[in-house]
Amino acid sequence: MTIHIRRAAVLGSGVMGSGIAAHLANQGISVLLLDLPVEDVTDEERAKGLSAEHASIRNKRAVEAKKQLFKQKPAPLASKENAHRIEVGNLEDDLEKLSDVDWIIEVVVENLQVKQQLFEKVEAHTKPGTIVSSNTSGISVNAMVEGRSETFRKHFLGTHFFNPPRYLHLLEIIPTKDTDSEVLASMKAFAEDALGKGVVEAKDTPNFIGNRIGTYGLLVSVEQMVKNGLSITEVDSITGPLIGRPKSATFRTLDVVGLDTFLHVAKNVYDQVDGEEKNIFDPPKFMKEIAEKGWIGSKAGQGFYLKKGKGKDKQILELDPETLEYREGKKLKAPSVEMAKQAKGKAAKIQALAYADDKAGTFTWETLKASLLYSAEKTSEIANDIVAVDNAMKWGFGWDLGPFEVWDALGVRKSVEKMEADGETVPTWVKDMLESGYESFYKAGAFYHNGTYVNIPKSEKEIDISVHIKNETNVIKKNAGAVLTDLGDGIAGLTFTSPNNSIGLDVIQMVEKSIDEVEENYNGLVISNKGKNFCVGANLMMMLMEAQDFAFDELDLVIRKFQQMTAKIRYSSKPVVTAPFQMSLGGGAEICMPSASIQASAETYMGLVEVGVGLIPGGGGNKELYLREIENVPKGTELQPIANKVFERIAMAKVGTSAQESAENGYLGERDDIIANHRHLTWSAKRKAMELSEKGYAPPVRKPIPVVGETGYATMLLGAKALKLSGQISDHDLKIAEKLAFVLAGGRVAKNSEVDEQYLLDLEREAFLSLIAEPKTQMRMQHMLKTGKPLRN
């Protein structure tokens, strides 16, 4: 059974409902967004002749929710254009429209009776076989559909998105006892492929998996903070990246989520469990008190933290849990913290903290111990296996390692012995595992399940490039900057291994060698990286050091090599397919643009940002962005508006905030695709390379490039000079703009002249080298390396 969802309805237009509607619209699905009708009419509306019966009044909740999508940060819409896919209405006048949708998602108030009443109405207006789901964060999905028909129940399940839906990878799918197995399997596949989600199947228990384990862990951290006399800032300094958790750690996370939301989630479990577990889900008095005061986090302007002042006077104060007053916070200083910072690898960092005999060590051990034991105790109740628990915490809460991966990092036997020495009761199945000779929860692509190791189920679409390149049998050749591997089916894969995937001579050499190898022995090449970002450009530190040493001949060589590399990508006789994700900036974009096809993750932020460090693109980026804009325009088209557009994008260092926006900025075109699920990226790129090869790929033909010439150069500079006169840009900004305009215009030639590609590259290289010699550019580069922020001088 394959599910085709072209039109969906979201019932409830709050932050979560409208966010889900936006996410569906981002993926090309038409959405009907409904909420309760409004009957109150303002004086202003009456003056316009509107009455309580008018659609614009009755639909006001959904209308306002749709408007808010344009204002929210981070942006729910991948492109503002996607809002056109969202139709608004209300839950009284527009229920008959539900007969025309393929999927209905309920996102109304967390009240069982309200949901049951709504589903009764929904069933009366839907065609049999329509998928219906609830986005509840913890109410029983079985209870919701009591009294509904057998057909309705077969097509009903829980679909718990995490907020914000566009950005958080996790989707918990919760079948009822009556959910058809084919419906469940098809919805999982649809959510993975079309919505880009990491799907975890959860059992129908309070708060399901992610919120059950996550809420418990946060409350244990609060409990241990109070018990060990630590401050809020001290806890956050050791519960973030040091143990493989997000930078927001514990209390900053609570401020972002909202204490009101967190307390509601905790109460949901509290009301449905007993004994010691019930006690931990009863938050401490100070949390309830600040919630009553309205200090619920970022949306209220204060919570566990309070921001005061602006600019140099800006302060972030922490809450004192005892006095409920704000004070200056200090990070926890302990020997184990320094050891963890110096340790290499996630496991070493966690061990350095958890096994230390100091304040940080005690806190870390006690919180991890409680969370691991709770996870082991609850796994069979809330999930089908430990993989589901680990994935839920990684995909929904941003943990680097799930609970059982953390346990493996600590060493299962060693930690169990320590737990038992502390007087803890370790779940029987964990002890049985150790007694049977299984020393870890995971081993070589398998996980421990019911007395043995079972292979981790993986889709063919998931090629884990970080694992793939470690297998020496896959390696074709490598150097310090990159590794070329055999991806199978006649396709080779190139992966950068340099720090932060930055581009230096070693990467440039491997790209060229890889293309030579592929032209000789393979059908195509995929450039697919691992890490936080695809590539944020050239090695800035190396370039700055060369410039400060006046090694301009060496820099000239590097730029020539870079340009030769991008040209080789463009004109390779075999297709080169790139697979960018997250930040793909500067040189990262320059590697992608000349490729035969870009298979971009939906969350790809692409742009030429060199102006931010006082430079212009030097690896062919100016020429490539211009070529992409003119490649499909009819001969004789006026080129000035196109040149102006490219000039503005590069001069303003515009970066797309999604792959869709990157396409709107000209970085992606008809030969490229946007891939919803980042875990399918390498597979999609490989498939594209195979497809291009099978169709008899031929590289583009080198052709003269029409340019706007000297008059176009003057036109482009007009705007920059106006900004300079109004004081909005500096003299150095203007100098950069002049160089950029000269390159894009094709230098001192007549309007509509056709110039050679190498000629444009030479202009680009000369401009780059002249700018990098400027002291003000070097100051900008230094500032960026030191602070991560651009300097305007």
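Refer to the structure presented above.
Note that the structure is predicted; figures quoted are calculated from it, not measured.

> It is not clear to me how a positive patch on the surface should be interpreted in this structure. Could you clarify?
A surface patch of positive charge is lined by R252, K307, K314, K331 and K789. Mapped onto the elements of the fold, K331 is located in the loop between β11 (326-328) and α15 (335-342).

> Explain a nonpolar patch on the surface to me, please; I cannot follow it from the model alone.
Residues M541, M545 and L785 make up a contiguous nonpolar surface patch of about 270 Å² in total accessible area. Relative to the elements of secondary structure, M545 occurs in helix α24 (residues 540-548).

> Please explain the sheet that holds strand β2 (residues 30-35) as it appears in this structure.
Neighbouring strands of a sheet are bound in pairs by backbone hydrogen bonds; such pairs are parallel or else antiparallel. Strand order across the open sheet formed by 8 strands is β3-β2-β1-β4-β5-β6-β7-β8, with mixed pairing between neighbours. What marks the edges here is a single partner per strand, and that holds for β3 (86-90) and β8 (198-201). Shown here is a sheet whose adjacent strand axes are inclined to one another by a mean of 25 degrees, direction ignored. Taken together, the 3 bridges between strand β5 (residues 131-134) and strand β6 (residues 156-161) define a ladder with parallel strand orientation.

> Honestly, the sheet that holds β11 in this entry has me stumped. Any pointers?
Spatially, 3 strands are ordered β9-β10-β11 in an open sheet, and the strand pairing comes out antiparallel. Taken across any chain shown, the strands that pair with only one partner, and hence form the sheet edges, are β9 (305-308) and β11. Averaged over neighbouring strand pairs, the angle between their axes works out to 40 degrees when direction is ignored. Pairing of strand β10 (residues 315-319) with β11, which is carried by 3 bridges, proceeds in the antiparallel orientation. Residue E318 lies in a different strand from β11, and its bridge partner there is R327.

> Got a minute to help me understand helix α31 (residues 709-725) in this structure?
Because each turn of an α-helix spans 3.6 residues, side chains separated by three or four positions in sequence point in the same direction. Here α31 spans 25 Å end to end across 17 residues, near enough to the 24 Å set by a 1.5 Å rise per residue. Among all positions of α31, only G709, G712, Y713, M716, L717 and A720 are buried. Of the residues one or two after α31, G727 is the one with positive phi, at around 80 degrees.

> Hey, could you run me through the environment of V31 in this one?
Mapping V31 onto the fold places it in strand β2. Since its relative accessible area comes to 0%, V31 is described here as buried. A sequence separation of 133 residues divides V31 from P164, and the C-alpha atoms of the two residues are 18 Å apart. Residues contacting V31, with those up to four places away along its chain left out, are A8, V10, A21, L24, A25, R85, I86 and E87.

> What exactly am I supposed to notice about unusual backbone geometry here?
Glycine aside, residues mostly have negative phi angles, and peptide bonds mostly take the trans form. Across the junction of K73 and P74, the peptide omega takes the value -5 degrees, indicating a cis bond. The residue P74 is located in the loop between α4 (60-68) and β3 in this model. Residue N163 is joined to P164 through a cis peptide bond whose omega torsion reads 0 degrees. Looking at the secondary structure, you find P164 in the loop between β6 and β7 (170-175). Of note in the backbone geometry, L324 takes a positive phi value of approximately 60 degrees without being a glycine.

Definitions and cut-offs
- Here the residue index of a chain counts from 1 through its sequence in written order.
- Confidence filtering applies because this is a predicted model: local features only for residues at pLDDT of at least 70, side-chain atom pairs given and counted only at 80 or more, and all residues used for totals across whole chains, interfaces and linings.
- The basis for every side-chain value is the complete set of non-hydrogen atoms in the structure, without hydrogens or water.
- Nonpolar side chains (Val, Leu, Ile, Met, Phe, Trp, Tyr) within 5 Å and like charges within 9 Å form the patches, drawn only from residues with over 30% relative accessible area and no salt bridge.
- Each accessible area is a Shrake-Rupley result for a 1.4 Å probe, and residues are judged covered by the shown protein chains and nothing else.
- We count a salt bridge whenever a side-chain nitrogen from Lys or Arg sits within 4 Å of a carboxyl oxygen from Asp or Glu.
- Asp and Glu count as negative and Lys and Arg as positive, but His and the ends of the chain are not part of the count.
- To locate a charge, the coordinates of NZ of Lys, CZ of Arg, CG of Asp or CD of Glu are taken.
- Starting at the N terminus, helices and strands are each numbered in turn, a helix being any DSSP run of H or I of at least four residues and a strand any DSSP run of E of at least two.
- The criterion for strand pairing is that DSSP finds at least two bridges linking the strands in question.
- Note on geometry: axes are C-alpha line fits, over the in-contact stretch for helices, and angles between N-to-C directions span 0 to 180 degrees.
- To estimate the expected span of a helix, count its residues, drop one, and scale the result by 1.5 Å.
- Any residue under 20% of the maximum accessible area for its type is buried, any over 50% is exposed, and the rest in between are partly exposed; the area is computed with a 1.4 Å probe on protein chains only.
- In what follows, residue pairs with any heavy atoms lying within 4.5 Å of each other are defined as contacts.

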